[in-house]
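Spelled out, the chains give:
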Amino acid sequence: MKKVDLKNLPPEELEAFLADLGKARFRTRQILRWIYQRGICDFSQMTDLAKDFRQELAEKATLSEFVPEVIEKSEDGTEKYLFRLDDGETVESVRIPMGEGRSTLCISTQAGCAMQCEFCFTGTFGLLRHLTPAEIVNQVCASLKQGPVNNIVMMGMGEPLHNLDNVVKALKILYSEDGLGFGARRVTLSTCGLIPEMEKLGRQVRVGLAVSLNATTDEVRDRLMPVNKRYPLKDLMAACRQFPLQPREKITFEYILIRGVNDSPADAKRLVKLLHGVKAKVNLIPFNEHPGSDFRAPGEESIERFQTYLLNRKIVTVRRASKGQDISAACGQLKGQMDQTPQDSGG
Ligand code: SAH
């Protein structure tokens, strides 16, 4: 019988697994604390469990663990971790300092991505595979050993809603009070706009929602994000209006500014119209140039003009600071470099 990786199990499934072994409910809490609060991945070290119980766990279960294969540190404090998976694939996480010793961790949900957005470097790899719940959670566990993690954003490699079941399980593990204990307000999931899965997500679990909008007409969005042909802007905005939110909670709309493509005053004007009646804030991201694309970042002036237009219409608009410019910052870039190095001949 194949051993179960307990890191794949949300608390209720861990409880069921232990119930099958005839164990009482409080064992779930005990084991969650060992794994996630103390970072112990070796059953023999779980000293408040009876010896024969630890033995039985070791026979029936495993606990996977990530150790970064590469750590890149930027001068601005941004750190990027590359993790190698059991089958040789690689994924990345990025810790972004937020001041006052706090940091946000950006994690991946797939190796590669199937969405084929034209501006995105990860897309050039295609979808290699979905990450398991354990592989999503292990990015957080490993990063916590490097420093604090105050907020988590699922904005790394992959489309989280294309891997919905595993992402929901991972969220439940992140939220578990006896485990990692992240509140839902501290976790954000970013999607390119898979509408049916957005609706499912809203029914299944609470999480902050970010939507990558990136264009204000179907014509431009069709070209930048092929997903728009299936789920065009009108339907996407309707789904956003329906998405369950807490009082005062907003949806974050990410908008990459690409020179000459979507950065005009007319775009700013259309964006305001699109967001009408949506509890929204806007995150402007100057395009991060990379070898996979001819797109360019806009000039400083047009970024400011775009932001000012939104602010003047009372739309909360922040500009995402470009961090880690000196460490292959854009999503997928570290993976891109690693996969080209000669010593990486395995897969
Ligand atoms: N698939 C999800 C999450 C991964 S992409 C999504 O689409 O939201 C995370 C964010 O990075 C998205 O907002 C995306 O638009 C942005 N992004 C991707 N490539 C970029 C680049 N080269 N420059 C700036 N932002 C980029």
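Residues numbered from 1 in each chain as written. Predicted model: local features only at pLDDT ≥ 70, side-chain atom pairs only at ≥ 80, totals over all residues. Heavy atoms only, no water.

(A) Spotlight on the nonpolar core. Core analysis: the largest hydrophobic core is formed by 98 residues, its most contacted members being Leu6, Ile31, Leu57, Phe119, Leu171, Leu201 and Phe253. Take this core: its biggest share by element is eight residues, from helix 5 (residues 164-175). Here this core gathers at least three residues from each of two domains, domain 1 (4-62) and domain 2 (70-344). (Core = buried A, V, L, I, M, F, W, Y, C linked by side-chain atoms within 4.5 Å. Buried < 20%, exposed > 50% of the residue type's maximum accessible area, 1.4 Å probe, protein only. Helix = DSSP H or I, 4+ residues; strand = E, 2+ residues; numbered from the N terminus. Domains from an automatic or database assignment.)

(B) How the structure looks around the packing of aromatic side chains. The full count for this structure, using the stated rule, is five aromatic pairs. Ring geometry for Phe121 against Phe125: centres 5.7 Å apart, planes inclined by 75°, an arrangement best described as edge-to-face. Here Phe125 falls in the partly exposed class, since its relative accessible area comes to 24%. Ring centres 5.9 Å apart and planes at 90° place the aromatic pair Phe287 and Phe295 in the edge-to-face group. You'll find Phe287 and Phe295 in the same group, each marked buried. Members of the aromatic cluster, joined through ring pairs, are Phe66, Tyr81 and Phe83. A cation over a ring is seen here: Arg313 above Tyr309, with NZ or CZ 3.6 Å from the ring centre. (Phe/Tyr/Trp six-rings, centres within 6.5 Å; stacked < 30°, edge-to-face > 60°. Lys NZ or Arg CZ within 6 Å of the ring centre and 35° of its normal.)

(C) How the structure looks around the pattern of salt bridges. Within the structure shown, the criterion is met by 17 salt bridges. Two residues, Arg296 and Glu289, come together in a salt bridge whose shortest N-O distance is 3.6 Å. When its relative accessible area of 38% is taken as the criterion, Arg296 is described as partly exposed. Linking Arg319 and Glu300 is a salt bridge whose minimum nitrogen-to-oxygen distance equals 2.6 Å. A residue pair is termed long-range when its members are at least 10 positions apart, and Arg319 in strand 14 (residues 316-319) and Glu300 in helix 11 (residues 300-312) qualify at 19 residues. Several salt bridges share partner residues, and in doing so they unite Lys73, Glu79 and Arg95 into one network. (Salt bridge = Lys/Arg side-chain N within 4 Å of Asp/Glu carboxyl O.)

(D) Broad picture of the site of the ligand. In the neighbourhood of the ligand, 18 residues make up the surrounding shell, with Glu159, Ser190, Ser212, Glu254 and Asn288 lying closest. Interatomic distance of 3.5 Å between a backbone N/O atom of Thr191 and an oxygen atom of the ligand. For the ligand, the accessible surface in isolation is 540 Å², of which the surrounding protein chains cover 92%. For the shell around the ligand, the secondary structure elements donating two or more residues are strand 10 (187-191) and strand 12 (251-257). Of the residues that constitute the shell around the ligand, the class distribution is eight nonpolar, eight polar and two charged. (Near = heavy atom within 4 Å. Polar contact = N/O pair within 3.5 Å; in protein donor to acceptor, adjacent residues only side chain to side chain. Areas by Shrake-Rupley, 256 points an atom, 1.4 Å probe, with all protein chains shown as cover. Nonpolar A, V, L, I, M, F, W, Y, C, P; charged D, E, K, R; others polar.)

(E) Spatial organisation of the environment of Tyr255. Along the chain, Tyr255 falls in strand 12. For Tyr255, a relative accessible area of 1% gives the class buried. With 29 residues separating them along the chain, Tyr255 and Leu284 place their C-alpha atoms 5.0 Å apart. At 2.7 Å, the side chain of Tyr255 and the backbone oxygen of Asn262 are in polar contact.

(F) Examining the domain arrangement of the protein chain more closely. According to the domain assignment, the protein chain contains domain 1 (4-62) and domain 2 (70-344). Each of domain 1 and domain 2 has a C-alpha centre, and these two points are 33 Å apart. Taken together, the contacts link 14 residues of domain 1 with 15 residues of domain 2. Where domain 1 abuts domain 2, roughly 1,200 Å² becomes buried across the two surfaces, and 55% of that area is made up of carbon and sulfur atoms. On the domain 1 side of the interface with domain 2, the three residues burying the most area are Lys7, Asn8 and Tyr36, jointly 45% of the side's total. In this assembly, domain 1 and domain 2 are joined by three salt bridges. Put simply, the parts of the chain that give the side of domain 1 that touches domain 2 at least two residues each are helix 1 (11-20) and helix 2 (26-37). Per-element accounting of the side of domain 1 that touches domain 2 gives the leading share, five residues, to helix 2. Its residues assigned to classes, the side of domain 1 that touches domain 2 shows five nonpolar, three polar and six charged. (Contact = heavy atoms within 4.5 Å. Buried area = accessible area lost by both parts, 1.4 Å probe.)

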